[in-house]
Amino acid sequence: ASAAAASAAALVLYTKPGCCLCDGLRETLEVVMRGDSGVAVSPELASLGGGVETRDVSTNDAWAARHAMEVPVLALSFRAEGEGDGEEEEEEEVELPRPSPRLAPARLALRLSADV
């Protein structure tokens, strides 16, 4: 990204209603991102600011087409702000290897630190 176009990364969890695997992974992610997993996370993971953006695939046709049969899906989303007036943000995503939704918080923290 150029100096004029700021870029921000976020951890995104694609989910859908009634998905118990999604709910379990979301709960574990919340523990990890709060810093309560009992292990230190990588600086890259810590730089994400502790939040997880949850996206319900049933609310967006593009998300559903890409992820509906695979949830839960974790991705890193990079948003670059437009350089001029009126330009919209551009978003690029990189899917992360799928962790087991039943991983303990400490194991998930180590896994995410390696993947991010």
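Quick look at the structure, then.

Thoughts on the state of the cysteines
Then step 1. Applying the stated criterion across every chain, the model contains 1 disulfide.
Then step 2. Each disulfide pairs two cysteine sulfurs, and for Cys19 the partner residue is Cys22, the sulfurs being separated by 2.3 Å. Residues Cys19 and Cys22 are joined by a disulfide whose S-S torsion is about 75°; by sign, that bridge is right-handed. Pair check on accessibility: Cys19 and Cys22 agree, each one buried.
Then step 3. The closest cysteine sulfur to the non-disulfide-bonded Cys20 is located on Cys19, 6.2 Å from its own sulfur.
Then step 4. We classify Cys20 as exposed; its relative accessible area is 60%.

Quick word on helix 4 (residues 105-115)
Then step 1. Listed as buried for helix 4 are Leu108, Ala109, Leu112 and Ser113. Summarising the axial view, the buried residues of helix 4 lie within an arc of 135°, below the 170-degree limit, and thus occupy one face. Opposite the buried face of helix 4, at more than 90 degrees from it, the exposed residues are Arg107 and Ala114.

Describing the environment of Leu21
Then step 1. For Leu21, the position within the fold is in helix 1 (residues 20-34).
Then step 2. The spatial distance from the C-alpha of Leu21 to the C-alpha of Pro72 is 6.8 Å, given a sequence separation of 51 residues.
Then step 3. Those residues within four positions of Leu21 in sequence are excluded, and the remaining contacts are Pro72, Pro101 and Arg102.

Observations regarding the packing of aromatic side chains
Then step 1. Counted by the stated rule, this structure contains 1 aromatic pair.
Then step 2. For the pair Tyr14 and Trp63, a centre-to-centre distance of 5.8 Å together with 75° between the ring planes defines the contact as edge-to-face. Highlighted residues: Tyr14 in strand 1 (residues 7-15) and Trp63 in helix 3 (residues 61-67), separated in sequence by 49 residues.

Points about the packing of helix 1 against helix 4
When two helices pack together, their arrangement is captured by the angle between the axes and the distance separating the axes.
Then step 1. The interhelical angle for the contact between helix 1 and helix 4, taken along N-to-C directions, is 75°, at an axis separation of 9 Å. Looking at the two axes, helix 1 sits roughly perpendicular to helix 4. Between helix 1 and helix 4, the residues in contact are Leu25, Thr28, Leu29, Val31 and Val32 and Pro105, Leu108, Ala109 and Leu112, respectively.
Then step 2. Class assignment of the residues belonging to the contact of helix 1 with helix 4 gives a composition of 8 nonpolar, 1 polar and no charged.

A word on the nonpolar core
Then step 1. In this structure, Leu11, Leu29, Val32, Leu74 and Leu112 are the most contacted members of the largest nonpolar core, which totals 14 residues.
Then step 2. Ranked by residues supplied to this core, first place goes to helix 1 with 4 residues.
Then step 3. Not counting residues up to four positions away in its chain, the partners in contact with Leu74 are Leu11, Val12, Leu13, Leu25, Leu29, Glu95, Leu96, Pro99 and Leu112.
Then step 4. Of all hydrophobic cores here, the second largest spans 9 residues; its members include Val12, Cys19, Val71 and Val73.

Quick notes on the pattern of salt bridges
Pairing between side chains of opposite charge can happen when their charged atoms approach one another.
Then step 1. On inspection of all chains with the given rule, the structure shows 6 salt bridges.
Then step 2. Among the ionic pairs, Asp23 bridges to Arg26, the shortest N-O distance being 2.5 Å. Taken together, the positions of Asp23 and Arg26, both in helix 1 and 3 residues apart, correspond to about one turn of that helix.
Then step 3. Overall, the relative accessible area of 22% leaves Arg26 in the partly exposed class.
Then step 4. Note that Arg66 is salt-bridged to Glu95, the shortest N-O span being 3.4 Å. Here Arg66, found in helix 3, pairs with Glu95, found in strand 4 (residues 90-95); they are 29 residues apart in sequence, far enough to count as distant.

Thresholds, definitions, all that
- Residues numbered from 1 in each chain as written.
- Predicted model: local features only at pLDDT ≥ 70, side-chain atom pairs only at ≥ 80, totals over all residues.
- Heavy atoms only, no water.
- Disulfide = S-S within 2.5 Å.
- Buried < 20%, exposed > 50% of the residue type's maximum accessible area, 1.4 Å probe, protein only.
- Helix = DSSP H or I, 4+ residues; strand = E, 2+ residues; numbered from the N terminus.
- Arc of directions from axis to C-beta.
- Contact = heavy atoms within 4.5 Å.
- Phe/Tyr/Trp six-rings, centres within 6.5 Å; stacked < 30°, edge-to-face > 60°.
- Axes fitted to C-alpha atoms, helices over the stretch in contact; angles between N-to-C directions.
- Parallel < 35°, antiparallel > 145°, perpendicular 65-115°, else oblique.
- Nonpolar A, V, L, I, M, F, W, Y, C, P; charged D, E, K, R; others polar.
- Core = buried A, V, L, I, M, F, W, Y, C linked by side-chain atoms within 4.5 Å.
- Salt bridge = Lys/Arg side-chain N within 4 Å of Asp/Glu carboxyl O.

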